Amino acid sequence: MTVSIIRFGGSNCDRDAERALAHLDIDAEIVWHEDGLPEDTTGVVLPGGFSYGDYLRAGAMAARSPIMADVREAAADGVPVLGVCNGAQIGCESGLTEGAFTTNESARFQCEHVYLRVERADTPWTAAYEEGEVIEVPIAHGEGRYEIDDDRLAELEDEGRVLFRYCDENGETGPDVNPNGSKHNVAGVLGDRESVAVLMPHPERATLPDVGPTDGQGVLRGFESEASGV
Amino acid sequence: MTAYTATVTVRLKRGVLDPEAETTKQALERLGFELEELRSADRFEVDLEADSADDARERADEMAERLLANPTIHDYDVEVAER
């Protein structure tokens, strides 16, 4: 099994993802977007960064690069796909997930640790947690405010497609613990399948014990459970 | 074929928060201007050759649909003029 971490021009969390996955003994390699998706890929990471300088909108250019057609096809076949930060923006721009991540309410780049409440524990990305568990991971983004039509958000919530919400250390959500003004504190959502997920916070930056909390490991273990057929 | 300029204006849908516009508004107020509200938009001027104005408009529409605008948060309009 090899997970493909797709490197676009301007990706900068690709190596972080590679090291984090290696720490968890998950085989992964960085794939340059022009080389196309390897046929035998067992998972896809859309890493963080500033692909194409965030021109037009964050993620807009990368979402329309040819390799994303391969990624959408793989996702439809059940290959697990995880978009992190800029990868989450790319995921939404490419239609893998619904909604949009746009300018923070503060209009500033925000780099800080946040708490997330795990909304569902029955997905590959959250199987390592309990429902309602609070995890600590960092964010680093200027365009992370989750925006979507109110009615559609209600439908997604009914369908259980919200995976993580920003919260305080006790798991309480609300405007005071919403770092970017996301609707209903949404930090991460699922696509049509549970095997497709995007989130603005960085689980790969909360995986190596040397750099702080390791609460993000469980998210990356989503690739592990898929490979072992769980 | 005729030379046209299709002007595509992309703006946030009504009700979608625009923090950059809000920051700009506050900066204008600090300069002493009085204003009620400020909205920002992106404008793309696309020069193209087309058989007719309708053809030019149709192509610019598709550009907006497929890249220039994000339908989740944006509305857009297209104006076509001969160049």
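Residues numbered from 1 in each chain as written. Chains lettered and ligands numbered in written order. Predicted model: local features only at pLDDT ≥ 70, side-chain atom pairs only at ≥ 80, totals over all residues.

Where an unreviewed UniProt entry is consulted, chain B appears under the name Phosphoribosylformylglycinamidine synthase subunit PurS, with the organism given as Natrinema versiforme JCM 10478. Regarding chain B, the relevant UniProt record gives this comment under Subunit (unreviewed entry): "Part of the FGAM synthase complex composed of 1 PurL, 1 PurQ and 2 PurS subunits." A UniProt comment under Sequence similarities (unreviewed entry) is attached to chain B, and it reads "Belongs to the PurS family." (UniProt positions renumbered as here; feature names shortened; annotations may be inferred.)

An unreviewed UniProt entry lists chain A under the name Phosphoribosylformylglycinamidine synthase subunit PurQ, with Natrinema versiforme JCM 10478 as the source organism. What UniProt records for chain A under Pathway (unreviewed entry) is the sentence "Purine metabolism; IMP biosynthesis via de novo pathway; 5-amino-1-(5-phospho-D-ribosyl)imidazole from N(2)-formyl-N(1)-(5-phospho-D-ribosyl)glycinamide: step 1/2." Annotation of chain A in UniProt includes, under Subcellular location (unreviewed entry), the sentence "Cytoplasm".

Asker: How would you summarise the sheet that holds strand β3 (residues 74-82) of chain B if you had to cite specific residues and measurements?
Answerer: Either a parallel or an antiparallel arrangement is found when strands of a sheet pair, and the pairing is made through backbone hydrogen bonds. All names here are of chain B. With antiparallel pairing, the three strands of this open sheet are ordered in space as β2-β1-β3. Where the open sheet ends on each side, the last strands, each with one partner, are β2 (41-50) and β3. On average, each strand axis in the sheet is inclined to that of its neighbour by 20°, with strand direction left out of account. Relative to β2, strand β1 (residues 2-12) is paired through ten bridges, and the arrangement is antiparallel. Across the sheet, alanine 3 pairs through a bridge with glutamate 49, a residue of β2. Its contacts with the sheet place helix α2 (residues 53-68) against β1, β2 and β3, and it is angled at close to 35° to β1. (Pairing = 2+ DSSP bridges. Helix = DSSP H or I, 4+ residues; strand = E, 2+ residues; numbered from the N terminus. Axes fitted to C-alpha atoms, helices over the stretch in contact; angles between N-to-C directions. Contact = placed C-beta atoms within 7 Å.)

Asker: I'd love a proper account of the UniProt feature "coiled-coil region" (unreviewed entry) in chain B, names of residues and values included.
Answerer: The UniProt record marks residues 21-70 of chain B with the feature "coiled-coil region" (unreviewed entry), using the residue numbering of this structure. This span, residues 21-70 of chain B, is 52% helix and 20% strand, and a straight line between its end C-alpha atoms measures 18 Å.

Asker: Pulling in residues and values, what's your account of the UniProt feature "active site" (unreviewed entry) in chain A?
Answerer: Residue and element names in this part refer to chain A. When the UniProt feature table is mapped onto this chain numbering, "active site" (unreviewed entry) sits at Cys85, His202 and Glu204. The largest pairwise C-alpha distance within this set of annotated residues, which runs over 120 residues, is 10.7 Å, so the set is compact in three dimensions. When neighbours within four sequence positions are excluded, histidine 202 is seen to be in contact with Cys13, Gly48, Val84, Cys85, Val137, Pro138, Ile139, Ala140 and Gly216. Relative to the assigned elements, glutamate 204 resides in the loop between β11 (196-199) and α6 (217-220). For glutamate 204, the residues in contact, after removing those within four places along its chain, are Cys13, Asp16, Ala17, Ala20, Val84, Gly216 and Leu220.

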